[in-house]
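Descriptive analysis of the structure
Listed below, chain by chain, are the residues.
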Amino acid sequence: GYLPIVHSFAAFLTSRAAEQIYNNATEGTKLIYVGGLAGLIPGAPGHSHQATRDVRSMGSMPGISVLEPASPAEVKLCLDWAVRTSGQSCYLRLISGSYNAARVSRVEPEPLRIGVGQVMQPGSSVAIVASGPFLTELALEVAAELNSREGWSPKVINARWLSEADA
């Protein structure tokens, strides 16, 4: 009757436990997987600790939603959705490293809708789609630079869903 929430370094969770995750997925067993230290940022220990394949690996598992929150408030929102709303397993991808939390957190997260990103900044001439706190911060920074140029009005979208996309 309990819902397991499994946490480890993303690089190890998604590769070393892949067979067990696949078995759980094909059995329809609901689990929440949380991969910390995802991406290239924890580079000091070397490439063995860099989770660069985790999105593809977990996205290929049947019936697992892959989400990457962009702010602390979104972590809470995604975990709550995974536990209370989703009927299937989920993988939450969490990065480490420095980013401007104030810039990313200035927009209150909208309720989750499967495959739908959140517009962080409205615009009309070009769309910049990013995921996670670090890339979303960079997208907002680039948009601010483009806004200063005539004829540019960039929209920034936080694509928190990495396994589903609603056109």
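So, here's what we can say about the structure. Being a predicted model, the structure only gives us computed values, none of them experimental. (Residues numbered from 1 in each chain as written. Predicted model: local features only at pLDDT ≥ 70, side-chain atom pairs only at ≥ 80, totals over all residues. Heavy atoms only, no water.)

1. Here's the deal with the pattern of salt bridges
The condition that has to hold: Each reported salt bridge corresponds to a side-chain nitrogen of Lys or Arg within 4 Å of a carboxyl oxygen of Asp or Glu. Each helix is a run of DSSP H or I of at least 4 residues and each strand a run of E of at least 2, with the numbering of both proceeding from the N terminus. Only protein chains enter the accessibility calculation, which uses a 1.4 Å probe; a residue whose area is less than 20% of its type maximum is buried, one above 50% is exposed, and one in between is partly exposed.
Inspection of every chain in the model, using the stated rule, returns five salt bridges. The partner of glutamate 68 in a salt bridge is arginine 93, and the shortest N-O contact between them spans 3.1 Å. Here the residue glutamate 68 occupies a position in the loop between β3 (64-67) and α4 (72-85), and arginine 93 occupies one in strand β4 (residues 89-95), the gap between them amounting to 25 residues. Each member of the pair, glutamate 68 as well as arginine 93, carries the same accessibility label: buried. Among the salt bridges present, the one from arginine 84 reaches aspartate 80, with a minimum N-O distance of 2.5 Å. Within this pair, arginine 84 and its partner aspartate 80 are both found in helix α4, separated by four residues, close to a single helical turn. Judged by relative accessible area, which is 67%, arginine 84 ranks as exposed. In this structure aspartate 80 comes out as partly exposed when scored by relative accessible area, which is 33%. Each of Asp54, Glu68 and Arg93 takes part in salt bridges that share partners, so that together they form one network.

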